[in-house]
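So the chains spell out like this:
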Amino acid sequence: MPHKKRIEYLNQKLRGIIQYAYKNSVAFKSKLDSVGLKPKDIQTIKDLEKIPITKKADLVELQKRNPPFGGFEGIPISEMRRVFISPGPIYEPGETEYVELGWAQGMYAGGFRPGDIVINTFSYHMVPFALHMVDNSLHRVGCVVIPTGVGNTEQQVNILKNLKANAFCGTPSFLLNISEKAEEMGFDLKKDLNLKVGFVAAEMLPESLRSKLEEKFGMVIRQSYGTADIGCLGYECMLKNGMHIPDDKIVEIVDPETGKQLGPGKTGEIVATTFNRVYPLIRFGTGDLSILTETPCPCGRTSPRLVKILGRVDQVTKVRGLFVHPGQADEVASKHPQVAKYQVVVTRREQKDEMIFRVELKEEILQPEKLKEEIERSIRDVMKVRSEVQFVPKGSIPEGARKIEDQRTWE
Ligand SMILES: [Zn+2]
């Protein structure tokens, strides 16, 4: 869909779910009532800003006050097919009929096709991901599922071999375990196993690990992002060009302090709205940070994309009005292989924020001034804030030190 049509489509879906949730979800109704809104006041994505965010971190408490779902469910518990339990505990209403599109879109974009034979190594117990989301979505794509769950690595290797499974769902680290176990068992990963595509989630995927696994197995690995509560919020296409937002969600990037929407290119919290009537979460604050882009992806999909997941909101620090976070500092450091350790220190001098990027080098270098300038340029590019780089002697930055140390005091 072209951008404009897509927005119209989403606005229309939004009006529908707002009407529905107001009528059927006690928690959503009281949320709108608390700020004096009626469903008709929410016509467009922009109007969502008027609704207070429901933070994932608050769900445990909200559910305790009004068990079991905090009033966020959209149908009576007696009509649900399943109830899931995520750590917290957070109770999640399960599908009557599984209608979510996002994960299936992600699998298809990552190369999964009807008839593929898949081991699903996510955990099937209690939590909703493996059974509710992944298993149902694989079925939707037309794949054959082997519900192996986590662990039993040796058995998983034998299953892969005997059933000639060609697709993997699970965490990147578990796929690494499988590769090591298979090698230990004397198998050639490319000749004896048949893995061609992998769908990974629930963990950060460093590019080094992705290429290592892709190379070892001769397979393609694509990642998706979402939460147990609201489902898929982003998936990679073949071009690995950030994560496309699925067509059945509205994703806003907001200022975590004010809840106001930030435009493309700005770092903020991922806040999402689903059209799922069983569990109609509206403006659900994930606590994760990202940047949105609307530049067209050459793959042809017109959906906006999350550039990448940058870290957690609670690690964020505001410097001169801009959010900085450890993920950005990591990115700066990764551009300069001479950096052994670093720490960002934020202080306040003459009513102004000052940021210093302290760096321990792997070894003495000949032209420290040149490297200092290069790192300062990377900081401007990545963090959008000016900072001075200070080289400090080895051992100056303690083990386990916070990556961003906020030393400001406020009278
Ligand atoms: Zn794409």
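In what follows, the accompanying structure is described. (Residues numbered from 1 in each chain as written. Predicted model: local features only at pLDDT ≥ 70, side-chain atom pairs only at ≥ 80, totals over all residues. Heavy atoms only, no water.)

### Some points on the pattern of salt bridges
Heads up, the condition is: For salt bridges, the criterion is a side-chain nitrogen of Lys or Arg within 4 Å of an Asp or Glu carboxyl oxygen. Here a strand is any run of E in DSSP of at least two residues, a helix any run of H or I of at least four, and the numbering for each starts at the N terminus.
This model, assessed by the stated rule, comprises 31 salt bridges. Linking Lys 181 and Glu 184 is a salt bridge whose minimum nitrogen-to-oxygen distance equals 3.5 Å. Remark: Glu 184 and Lys 181 occur in helix α7 (residues 172–184); sequence separation between them is three residues, near one turn of the helix. Each of the salt bridges in this network shares a partner with another, and the network as a whole consists of Arg 348, Asp 353, Asp 406 and Arg 408.

### Brief notes about the packing of helix α4 (residues 102–109) against helix α5 (residues 129–141)
Counted only if it meets this: Note on geometry: axes are lines fitted to C-alpha atoms, helical ones only across the stretch in contact, with angles between N-to-C directions running from 0 to 180 degrees. Orientation is classified from the angle alone, with under 35 degrees giving roughly parallel, over 145 giving roughly antiparallel, 65 to 115 giving roughly perpendicular, and any other angle giving oblique. What makes a crossing left-handed is the near helix being turned counterclockwise from the far one by less than a right angle; a clockwise turn instead makes it right-handed. We call two residues in contact whenever any of their non-hydrogen atoms come within 4.5 Å of each other. Any residue outside Ala, Val, Leu, Ile, Met, Phe, Trp, Tyr, Cys, Pro, Asp, Glu, Lys and Arg is labelled polar, Gly included; the first ten of those are nonpolar and the last four are charged.
Running from N to C, α4 and α5 cross one another at 55°; their axes reach a closest spacing of 8 Å. On the basis of their axis angle, the class for α4 and α5 is oblique. Like other packed secondary-structure pairs, α4 and α5 cross with a definite hand, here right-handed. Of the residues in α5, those touching α4 at Trp 103, Ala 104, Met 107 and Tyr 108 are Phe 129, Met 133, Val 134, Ser 137, Leu 138, Arg 140 and Val 141. For the contact of α4 with α5, the residue count by class is nine nonpolar, one polar and one charged.

### Overview of the sheet that holds strand β21 (residues 404–406)
Condition: What makes two strands pair is DSSP finding at least two bridges between them.
The four strands lie next to each other as β20-β19-β18-β21, forming an open sheet whose pairing is mixed. The outermost strands of the open sheet, each flanked by one partner alone, are β20 (388–391) and β21. Each adjacent strand pair in this sheet contributes to an overall mean axis angle of 25°, direction not counted. The sheet contact formed by strand β18 (residues 339–349) and β21 spans three bridges and is parallel. Paired with Val 345 across the strands is Glu 405, a residue of β21. Sitting on the sheet, helix α9 (residues 326–334) is in contact with β18, β19 (352–361) and β21, with an inclination near 130° to β18.

### So, the coordination of the zinc ion
Octahedral metal centres with six donors ideally show angles of 90 or 180 degrees, and tetrahedral centres with four donors ideally show 109.5 degrees. Filter applied, for reference: The donor set covers N, O and S atoms within 2.8 Å of the metal, switching to 3.2 Å for Na, K and Ca, and it leaves out water, so a site may look short of donors. Note on geometry labels: four donors, all angles 85 to 135 degrees, give tetrahedral; four donors become square planar and six octahedral when opposite donors are over 155 degrees apart and every other angle is between 65 and 115; remaining cases are irregular. The classification of residues rests on relative accessible area computed with a 1.4 Å probe and restricted to protein chains. Under 20% of the type maximum is buried, over 50% is exposed, and intermediate values are partly exposed.
Ligation of the zinc ion by protein atoms is provided by Cys 237 (SG), His 244 (NE2), Cys 297 (SG) and Cys 299 (SG), these donors lying 2.1 to 2.3 Å from the ion. Coordination at the zinc ion comes from four donor atoms whose angles at the metal span 104 to 115°, giving a geometry best classed as tetrahedral. Coordination of the zinc ion draws on donor residues from a single chain, spaced C-x6-H-x52-C-x1-C in sequence. Here His 244, found in strand β10 (residues 243–244), pairs with Cys 299, found in the loop between β13 (284–293) and β14 (305–306); they are 55 residues apart in sequence, far enough to count as distant. Judged by relative accessible area, Cys 299 falls into the partly exposed class, the value being 29%.

### Focus on the nonpolar core
To be explicit about the condition: For the purposes of this section, nonpolar cores are sets of buried Ala, Val, Leu, Ile, Met, Phe, Trp, Tyr and Cys residues that join through side-chain atoms within 4.5 Å.
Ranked by size, the top nonpolar core spans 25 residues in total, and within it Phe 112 and Phe 199 carry the most contacts. Taken together, the elements giving at least two residues each to this core come down to α4, α5, β6 (167–170), β7 (197–200) and β9 (231–235). Here this core gets six residues from one element, more than from any other, and that element is α5. Setting aside chain neighbours within four positions, we find Phe 199 in contact with Trp 103, Gly 106, Met 107, Phe 112, Phe 122, Phe 129, Val 134, Phe 168, Cys 169, Gly 170, Arg 222 and Ser 224. Of all hydrophobic cores here, the second largest spans 22 residues; its members include Leu 176, Phe 187, Val 200 and Phe 217.

### Digging into the packing of aromatic side chains
The criterion, for reference: The rule is short: rings of Phe, Tyr and Trp, with Trp giving its six-membered ring, pair when the centres are within 6.5 Å, and they are stacked under 30 degrees, edge-to-face over 60, tilted in between.
In the structure shown here, the tally under the stated rule is five aromatic pairs. Aromatic side chains Trp 103 and Phe 129 sit 4.9 Å apart centroid to centroid with 70° between the ring planes, which places their arrangement in the edge-to-face category. With Trp 103 in helix α4 and Phe 129 in helix α5, this pair connects stretches of sequence that are 26 residues apart. The two residues Trp 103 and Phe 129 agree in class, both being buried. On the basis of an interplanar angle of 10° and a centroid distance of 5.3 Å, the ring pair of Tyr 342 and Phe 357 is categorised as stacked. Of this pair, Tyr 342 sits in strand β18 while Phe 357 is found in strand β19, placing the two residues 15 residues apart along the sequence. Joined through ring pairs, the aromatic side chains of Trp 103, Phe 112, Phe 122, Phe 129 and Phe 199 make up one cluster.

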